[in-house]
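Structural overview for review
This is what each chain is made of:
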Amino acid sequence: MKYYSLNKQAPNVPFKEAVINGIAPDKGLYFPETISQLPTAFFENIETFTELEIAFRAIHQFVAADIPDTTLEAILKKVLDFNFPVVPIDEHTAALELFHGPTMAFKDVGARFMAQCLGYFSKGQHSEVTVLVATSGDTGGAVANGFLGVDGVKVVILYPKGKVSDIQERQLTTLGQNITALRVDGTFDDCQRMVKTAFLDQELLKKMKLTSANSINVARWLPQMFYFLFAFKQVQRQEKEVVFSVPSGNFGNICAGMVAQRLGMPVNHFIAATNRNDTVPRYMREKQYVAKPSIATISNAMDVGDPSNFVRIRHLYEDNFDQLANHLSSYAFTDVKTKEALQHLYTEKKYVADPHGAVGYLGLKKFRETHPETYGIFLETAHPVKFLDVVEETIAKKLPVPPQIQIVMDKEKRFQDIATYDHLKQFLLER
């Protein structure tokens, strides 16, 4: 298996090189040459497989040329050591909880998988790799935790000043060791732009090896398909058609779900639910992709005005809008609607959601207005305590703080302030 750039002006590379490069030399995202379906019998009998067996079967074709089977099994055991429960909300709705990992966010899976892969690739190497990552919220904490102490790897995390929650900031600024946090005077889009610029800066690249741990990196992106498969295993006996509603920011998560679909998972439709950053909902209405500056919302991890992974989704459907529309619906919701959903889920359904999960729930409700026959699963992508102020104020309930969060609450935040790409470059060159 090799990976090619979606800009198609760069050489095809193996998985290892795609992971280490992060982004192709022609600025394109890497994409696998082929996606081969798994046998129908695999999905018919998916209940008989463990999560580790499902993950191994799903990822094997994408990494087998560079990672031996025994090593892959060991990596997956380290990555998937927590649960992914599907929690019933009512007779036709459920929440897929993805916050039972070490940083209580869905990005734990991809960040840990990528960290383990890079750790394996760096064994015996004398050169050091610097992981450069932009975060709008949960990516930073998951990457920091996943890469903490990994030999041969240093991590630099850029996050927008004043636009992540206090707990999110603590998770990426309090670990130390090989993790450095840079607080950017700007938006997530500014952070992401700086990271992409660094990957194309030849002066910088001559002096250091850079890679990204954002979902543009294939090792961060592809493992996210695991939990769609885990969820399908739990609900596959449903008589209704299953649909997934995914709170979407950079669109890597929902794109990974669509890869699971390409593997043969019998789920026909996905809902991309966004906050006021409605670039994709507008595209699905107007058939024109027009990026715009990101807007700050209470579901901050989705505050992305130009989602990087949407190009992968369009590529999956050969840039055929009608084909894409058969498999994807997308809706945007305001903070007011998000708070109403948080309140409704708590008072009517006895379920405490986070703002991102609430957006996913709203997307599912909107879709079911015209598709009432479906069984909908919305993704709860982070623990509600990570957005403590918003959730507690909205539902008027004090939330207990889990141990994973308590351990960072009294630690000192350590970060450096930057405002421009030149500041970032100077920092990297002086390290």
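You'll find the structure just up there.
All values reported here derive from a predicted model rather than from experimental measurement.

Moving on: the nonpolar core. Core analysis: the largest hydrophobic core is formed by 125 residues, its most contacted members being Phe15, Phe113, Phe147, Leu158 and Phe244. For this core, the element with the highest residue contribution is helix α11 (residues 225-235), accounting for nine residues. Every residue in contact with Phe113, bar those within four places of it in the chain, is listed here: Phe15, Ile59, Val63, Leu72, Ile75, Leu76, Val79, Ala219 and Pro223. Membership of the second largest hydrophobic core comes to 27 residues, among which are Val243, Ile298, Tyr351 and Val390.

Before going further, it helps to examine the layout of surface pockets. Reported here for the largest pocket is a volume of approximately 450 Å³. Lining the largest pocket are 19 residues, with Asn7, Lys27, Lys196, Ser308 and Val311 positioned closest to its centre. If you list the elements that add at least two residues to the lining of the largest pocket, you get α8 (188-199) and α14 (310-316). Taken together, the residues of the lining of the largest pocket break down into eight nonpolar, five polar and six charged. The calculated volume of the second largest pocket comes to roughly 270 Å³. Along the walls of the second largest pocket sit 16 residues, with Val164, Ser165, Asp166, Lys386 and Phe387 positioned nearest its centre. It is helix α18 (residues 388-395) that provides the largest number of residues to the lining of the second largest pocket, a total of three residues. Grouping the constituent residues of the lining of the second largest pocket by class yields eight nonpolar, four polar and four charged.

Below, the discussion takes up unusual backbone geometry. With phi around 75 degrees, Lys27 is a residue other than glycine that occupies positive phi space. Lys27 gets classed as exposed once you look at its relative accessible area, which sits at 54%. Although it is not a glycine, Ala396 adopts a positive phi angle of roughly 55 degrees. Relative to the helices and strands, Ala396 is located in the loop between α18 and α19 (403-409). The exposed category is assigned to Ala396, whose relative accessible area is 71%.

You can see His92 is positioned in the loop between β4 (86-90) and β5 (93-97). Within the local environment of His92, its side chain forms a polar contact with the side chain of Thr93, the two groups lying 3.1 Å apart. With near-sequence residues (within four places) excluded, His92 lies in contact with Lys240, Arg368, Thr374, Tyr375 and Gly376.

Moving on, we come to the sheet that holds strand β10 (residues 242-247). Taken in spatial order, the six strands of this open sheet run β4-β5-β13-β10-β11-β12, and their pairing is mixed. Looking at strand neighbours, the two that pair on one side only are β4 and β12 (328-332), the edges of this open sheet. Ignoring which end each strand starts from, the neighbouring axes of this sheet average 25 degrees apart. The pairing of β10 with strand β11 (residues 269-274) spans five bridges and is parallel. Within the sheet, the bridge partner assigned to Phe244 lies in β11 and is Phe270.

Each value, and the rule that gives it
Residues numbered from 1 in each chain as written. Predicted model: local features only at pLDDT ≥ 70, side-chain atom pairs only at ≥ 80, totals over all residues. Heavy atoms only, no water. Core = buried A, V, L, I, M, F, W, Y, C linked by side-chain atoms within 4.5 Å. Buried < 20%, exposed > 50% of the residue type's maximum accessible area, 1.4 Å probe, protein only. Helix = DSSP H or I, 4+ residues; strand = E, 2+ residues; numbered from the N terminus. Contact = heavy atoms within 4.5 Å. 1 Å grid on protein atoms, 1.4 Å probe; cavity = no way out; pocket = protein on both sides within 12 Å on 5 of 7 lines; lining within 4 Å. Points joined across faces, edges and corners; volume = space filled by probe spheres on them. Nonpolar A, V, L, I, M, F, W, Y, C, P; charged D, E, K, R; others polar. Polar contact = N/O pair within 3.5 Å; in protein donor to acceptor, adjacent residues only side chain to side chain. Pairing = 2+ DSSP bridges. Axes fitted to C-alpha atoms, helices over the stretch in contact; angles between N-to-C directions.

What is shown is where atoms sit, not what they do.
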